[in-house]
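# Fold and geometry: a report
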Amino acid sequence: MTNITLRRHLTDKGHDPDLIFLLEDIASACRSTAYEVRNGPLKGNLGLTDSTNVQGEDQKPLDIIANDIFVETCANSPRLAALVSEEIEEVVWLKEPEEGDYLLFFDPLDGSSNLDTNLSVGTIFSIMRVTKDGDRNVLKKGSDQIVAGYALYGPATMLVLAHGHGVQSFTLHQGSGIFRLTHPSLTIKQDTPEFAINASRQRFWDAPIQQYVDECLQGKEGPRGKDFNMRWVASMVAEVHRILMRGGVFLYPLDDANRAKGGRLRLLYEVAPMAMVIEAAGGAGSTGTERILDLLPSEPHQRVATILGSKSEVDYIVDLHTK
Ligand SMILES: O=P(O)(O)OC[C@H]1O[C@](O)(COP(=O)(O)O)[C@@H](O)[C@@H]1O
Ligand SMILES: [Mg+2]
Ligand SMILES: [Mg+2]
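Residues numbered from 1 in each chain as written. Chains lettered and ligands numbered in written order. Predicted model: local features only at pLDDT ≥ 70, side-chain atom pairs only at ≥ 80, totals over all residues. Heavy atoms only, no water.

### So, the packing of aromatic side chains
As a reminder of what qualifies: Whether two aromatic rings pair depends on their centres lying within 6.5 Å, for rings of Phe, Tyr and Trp, where Trp uses its six-membered ring; planes under 30 degrees apart make the pair stacked, over 60 edge-to-face, and the rest tilted. Counting from the N terminus, the helices are the DSSP runs of H or I reaching at least four residues and the strands are the DSSP runs of E reaching at least two. Burial classification: accessible surface area is computed with a 1.4 Å probe over protein chains only, and a residue below 20% of its type maximum counts as buried, one above 50% as exposed, and the rest as partly exposed.
Enumeration over the complete set of coordinates arrives at six aromatic pairs. Judged by centre distance (6.3 Å) and plane angle (80°), the rings of Phe 195 and Tyr 212 are edge-to-face. Taken together, the positions of Phe 195 in strand E9 (residues 194–196) and Tyr 212 in helix H4 (residues 207–218) put the pair 17 residues apart, joining distant regions of the chain. Of the two residues, Phe 195 and Tyr 212, neither departs from the other in class, the shared state being buried. Geometrically, the ring pair formed by Trp 232 and Phe 250 is stacked, given 5.4 Å between the ring centres and 10° between the ring planes. One end of the pair, Trp 232, is in the loop between strand E10 (229–230) and helix H5 (236–246); the other, Phe 250, is in strand E11 (residues 249–252), with 18 residues separating them in the sequence. Taken together, the ring pairs in this structure connect Phe 195, Tyr 212, Phe 228 and Tyr 316 into an aromatic cluster.

Structure, rendered in structure tokens:
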């Protein structure tokens, strides 16, 4: 562990004090969420609530608790103009937007189907800027993000950030509650023998995904000439973190069962932030036909096909789509 705290790191990189203020609020919300997740079974916060979110998905008590923590903790950030959350249907405007103000996008609890089984979950977030006074447009490209990252609530709580200076990971020190820099420069291996996909959906996949997985499963005897390993945690934060640590590719493609909805994962607060982290670490993110960071959303909760991870593997899957 180094002695470099999150605040010191952000200050050393010369960020605007209002942005540091907002990032410290986000870190504080992640710390509180980690506490609630750890104590979920003791506080009776597992299982389901009676409510569903805007996407028609069942909400868990901790989805709502984490969302409330983020709204309460970040709403007073001086230059934060609006919040877009997976758990809130409408954009929450906090002030009249002025040029240079911030927009915060977040998935308060990602992978929440893992809560009842005590597996890793996380929070995903992204920050963009208001480009002119009075502009209430939150539908911006991923390439407009100025900071993106996630918190992983695993055996250790980690905060991973991409903010124009590579990718770093900070680990929450349980005693002091301070996030300390533990991984100063994360890069993703270009090549990987590991893929992640929910294989129970195989009958719905399009031909390029069928071919890709089929070739991986053939191993050394197949056209790829090497054996592949497979993992599926069903928690995107956990999968992306594994990919940052040891390489790999994550797929949640468009398929016959999710095509009408546009895919499974949400662009603005799940996929675009992860694509920014992955690209900043040297990886790639694509829908199969387009770079994720180039997509212009048409609504705040838009879903998108997702292929993220080691660059040569993502490129290989994109090639299969163009053939
Ligand atoms: O249950 P499935 O279909 O495997 O989907 C798992 C995916 O859904 C997610 O849980 C969606 O996120 P939420 O938990 O925020 O709804 C991802 O983290 C994960 O990759
Ligand atoms: Mg999610
Ligand atoms: Mg969620």
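Once you've had a look at it, read on.
### Re the UniProt feature "domain: Fructose-1-6-bisphosphatase class I N-terminal" (unreviewed entry) in the protein chain
Put simply, the rule reads: UniProt positions are given in the numbering used here, feature names are shortened, and annotations may be inferred rather than shown by experiment.
Sequence positions flagged by UniProt for "domain: Fructose-1-6-bisphosphatase class I N-terminal" (unreviewed entry) are, in local numbering, residues 11–184. When the span residues 11–184 is considered, its composition is 22% helix and 30% strand, and the gap between its end C-alpha atoms is 15 Å.

### Some details on the coordination of the magnesium ion (ligand 2)
Reference geometry at the metal: tetrahedral coordination by four donors gives ideal angles of 109.5 degrees; octahedral coordination by six donors gives 90 or 180 degrees. Let me state the cut-off plainly: As a rule, N, O and S atoms within 2.8 Å of a metal are its donors, except that Na, K and Ca use 3.2 Å; water is not among the atoms, so sites may look incomplete.
Ligation of the magnesium ion (ligand 2) by protein atoms is provided by Asp 107 (OD), Asp 110 (OD) and Glu 270 (OE), these donors lying 1.8 to 2.1 Å from the ion. Between the magnesium ion (ligand 2) and the magnesium ion (ligand 3) the interatomic distance comes to 3.6 Å, and Asp 107 is a ligand of both metals. Here Asp 107 is found in strand E3 (residues 102–110), whereas its partner Glu 270 is found in helix H6 (residues 267–280), with 163 residues between them in sequence.

### Regarding the coordination of the magnesium ion (ligand 3)
Around the magnesium ion (ligand 3), the donor atoms from the protein are Glu 86 (OE), Asp 107 (OD) and Leu 109 (O), and they sit 2.1 to 2.5 Å away. Going along the chain, you hit the donors of the magnesium ion (ligand 3) in the pattern E-x20-D-x1-L.

### Re the site of ligand 1
Formally: Any residue with at least one heavy atom within 4 Å of a molecule or strand is counted as near it. Here a polar contact is taken to be a pair of N or O atoms separated by no more than 3.5 Å, where protein atoms must pair a possible hydrogen donor with a possible acceptor and residues adjacent in sequence count only if both atoms sit in side chains. The accessible surface values rely on the Shrake-Rupley method and a 1.4 Å probe; as for residues, cover is taken only from the protein chains in view. Three classes are used, and their members are as follows: Ala, Val, Leu, Ile, Met, Phe, Trp, Tyr, Cys and Pro are nonpolar, Asp, Glu, Lys and Arg are charged, and the others, Gly among them, are polar. Those domain boundaries reflect an automatic or database domain assignment.
As a structural note, the neighbourhood of ligand 1 is formed by 18 residues, with Asp 110, Gly 111, Asn 198, Met 236 and Tyr 252 the closest of them. Between Asp 107 and ligand 1, the recorded distance is 3.0 Å, taken from a side-chain N or O atom to an oxygen atom. Contact between ligand 1 and Asn 198: an oxygen atom at 2.9 Å from a side-chain N or O atom of the residue. Here ligand 1 has 470 Å² of accessible area as a free molecule, and 87% of this is covered by the chains. At the level of secondary structure, the elements contributing two or more residues to the shell around ligand 1 comprise E3, E11 and strand E12 (265–266). The leading source of residues in the shell around ligand 1 is E3, at three residues. Looking at the shell around ligand 1 residue by residue, the classes come out as seven nonpolar, four polar and seven charged. Residues from two domains meet in the shell around ligand 1; each of domain 1 (6–183) and domain 2 (194–322) gives at least three.

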